[in-house]
Amino acid sequence: MSPRILEGVKVLDLTRVIAGPLCTQILADMGATVYKIERPGEGDDTRRMGPFLPDGQGGDSNDSALYLAYNRGKHSVTVDISTPEGAELVRDLALRCDVFMENYKVGTLAKYGLDHAALAAAKPALVYCSLTGFGQDGPYARRPAYDFILQGLAGVMSTCGHAEGEPGGEPMRTAIPITDVVTGLYAAIAILGAVLHQRQSGMGQFVDASMLDASVALNGHLAVGYLMSGRLPGRQGNTNPIAAPSEVFACTDGRMILAAGNDTQFRALCEILERPGLASDPRFLTNASRVAHRIELRDLLAPLLAGRRRADLFPMFDRAGVPSGPINDLSQVFEDPQTRHRQLVLSQPHARGCDAPMLRSPLDFSATPVRYGPAPMLGQHSLDVLGRELGLDDARLADLRARAII
C-alpha cells in the first residue's frame, strides 16, 4: 500500500468548532497524524450541539453530527492547558510535531507559553498556524468571530437573497457556515504550502489565517467588479445576472433549475417547448438581449414549463445539451444515481459500538487514496499518545488523570 501524502507529518490541533477542525481533518485525510487537544470532561464545543450519534445500545453520546463531520481520523487527547502541568505537556507535544494549529483569541496562548514566539524559539522548523476572526492585528483583532457575523461583515450576505422589493427581499445567510468552511480550506492550503517550504528549507513559519480575509476573498468577481466600476452588486435571488434564461422554474412535479447560457442552448430549449419562434424574436436573439429582457422571457417560459413534468423534460434537455437540474433535498441527494456512483457516503465503525456515517472526502488521488478513520471519543487516545510521545509511565498518567489535568 502506497504511503499517503502527509505520512509521517504530525499535527498538534488546538482548534474548536468548524473552521480549524475542518482544516486539520483535511490534513488527516491526506495521512497526517493529528493530535486533537480537548478540555477534560467537556471537549470541543460542538460535542454539545446535536443531533448525536447513539451508542451501540441506542443510548445518548456526546458525539454530535457537527463533531463527527469535522474531526474524523484524529486522536483525541484531553489536557487542561490552564494548569502549568497541562501547558507543559502540550508544549512537549508541540516540539514533537511538525505543525501547530490553534484558533484561540489573539494573544491568549502566550500566557501558557504556547504562542508562536515561544514555540518557534524552541523549534524553528515548526509550522504554526493561528486561525482567528480578524487576523493578528488591527482594530478588530481581539474581537470574537462567528460565521454569521462574518457573512454580514465581509459582504457575503449583501449579495445573497431576493432583491429589494420582492417578497422576502432582504440579505440572507447561507445555511452551511460558508465563511467557516472557506477559512478552513484556505488554512489547509496555506499549511500545505508551509510544510512544503519546511521540507525544502528546514525552516518553519507563521501562518496567519483570518476569517475576514477568506470571507472577503469569497466575494471573488463580485468584489473585483465593484472595485473596477464602483457599482454595488445587488441581490438576484435565484436569477443569474449574466445569463438568461438561468433561474428556477416550477413544474407539476417540483421546481427545476434551467440554465440555457448560450444561443445554441436557447434555440434547443425553444424547440423542446415547441416555441421555436422565441429564438428569432429580436428581444431574445443573443444572451445580452435576453438578459436585458429577462422578465419578459421568464413570463413567456414560466407557463410553458408549469404544465410539464420535470421528470419528462430532463431527458429531453440532456439529449439536446440544455443544462438543467432538480433542487434536491438531502434525501434526494443521497438517492441520486451519480452521488451513489461516486460513493460519497461512507460508514466507519465507531468506538461507541456502532457504525458512524460520514461523507467521502472530495480529495480523490489515484496513487495515494484517502484512508479514513472515525472521529474519536473524548479523550480516547490520551493515555496512548502521552505515553508513546512523551514517555509517561502508567503511574504518572494515573496521577495526571486523578487531578483532572488530562
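Keep in mind that this is a model prediction, so the values were computed, not measured.

Moving on to helix α7 (residues 211–218). Considered for burial, the residues of α7 that qualify are Met211, Leu212, Ala214 and Ser215. Down the axis of α7, the sector holding all buried residues measures 165°, keeping them to one side. Of the surrounding secondary structure, the elements contacted by the buried residues of α7 are β5 (127–132), α5 (147–153), α6 (178–201) and β6 (206–210). Here α7 starts with a cap whose side-chain oxygen sits 3.2 Å from the backbone nitrogen of Leu212, and that cap is Ser210.

Moving on to the sheet that holds strand β2 (residues 33–38). Taken together, the 6 strands give an open sheet; going across it, the order is β3-β2-β1-β4-β5-β6, and neighbouring strands pair in parallel fashion. Because the sheet does not close on itself, it has two edges, and the strands there are β3 (75–78) and β6. The mean angle between the axes of side-by-side strands here comes to 20°, regardless of whether they run parallel or antiparallel. Helix α3 (residues 84–94) contacts β1 (10–14), β2 and β4 (99–102) of the sheet and is inclined by roughly 150° relative to β1. Sheet contacts for α7: β5 and β6; angle to β6, the most-contacted strand, approximately 60°.

Assignment of secondary structure puts Asp44 in the loop between β2 and α2 (65–70). Asp44 gets classed as buried once you look at its relative accessible area, which sits at 1%. Distance in space between the C-alpha atoms of Asp44 and Arg16 is 5.3 Å, their sequence separation being 28 residues. If we skip the residues at most four places from it in the chain, Asp44 touches Thr15, Arg16, Val17, Pro21, Lys36, Glu38, Tyr67 and Asn71. Polar contacts involving the side chain of Asp44 include one to the main-chain amide nitrogen of Val17, which spans 3.1 Å.

Residues of β4 alternate between two faces, with Val99 and Met101 on one and Phe100 and Glu102 on the opposite face, all of them buried. Strand direction decides the pairing type here: β1 and β4, joined by 4 bridges, are parallel. Pairing of Val11 across the sheet is with Val99, part of β4. Of the pairings in the sheet, the one linking β4 to β5 comprises 4 bridges and is parallel in character. Residue Val99 lies in a different strand from β5, and its bridge partner there is Val127. Handedness of the crossover joining β4 and β5 through helix α4 (residues 116–122) is recorded here as right-handed.

It is worth spelling out empty space enclosed by the protein at this point. Counted by the stated rule, this structure contains 1 cavity of 30 Å³ or more. Space inside the largest cavity adds up to approximately 30 Å³. Forming the boundary of the largest cavity are Leu6, Val9, Val11, Leu27, Val99, Ile191, Leu192 and Val195. Of the residues forming the lining of the largest cavity, the biggest block, 3 residues, is contributed by α6. Taken together, the residues of the lining of the largest cavity sort by class into 8 nonpolar, no polar and no charged.

What counts as what
- Residues numbered from 1 in each chain as written.
- Predicted model: local features only at pLDDT ≥ 70, side-chain atom pairs only at ≥ 80, totals over all residues.
- Heavy atoms only, no water.
- Buried < 20%, exposed > 50% of the residue type's maximum accessible area, 1.4 Å probe, protein only.
- Helix = DSSP H or I, 4+ residues; strand = E, 2+ residues; numbered from the N terminus.
- Arc of directions from axis to C-beta.
- Contact = heavy atoms within 4.5 Å.
- Polar contact = N/O pair within 3.5 Å; in protein donor to acceptor, adjacent residues only side chain to side chain.
- Pairing = 2+ DSSP bridges.
- Axes fitted to C-alpha atoms, helices over the stretch in contact; angles between N-to-C directions.
- Right-handed = clockwise from strand over helix to strand, strands pointing away.
- 1 Å grid on protein atoms, 1.4 Å probe; cavity = no way out; pocket = protein on both sides within 12 Å on 5 of 7 lines; lining within 4 Å.
- Points joined across faces, edges and corners; volume = space filled by probe spheres on them.
- Nonpolar A, V, L, I, M, F, W, Y, C, P; charged D, E, K, R; others polar.

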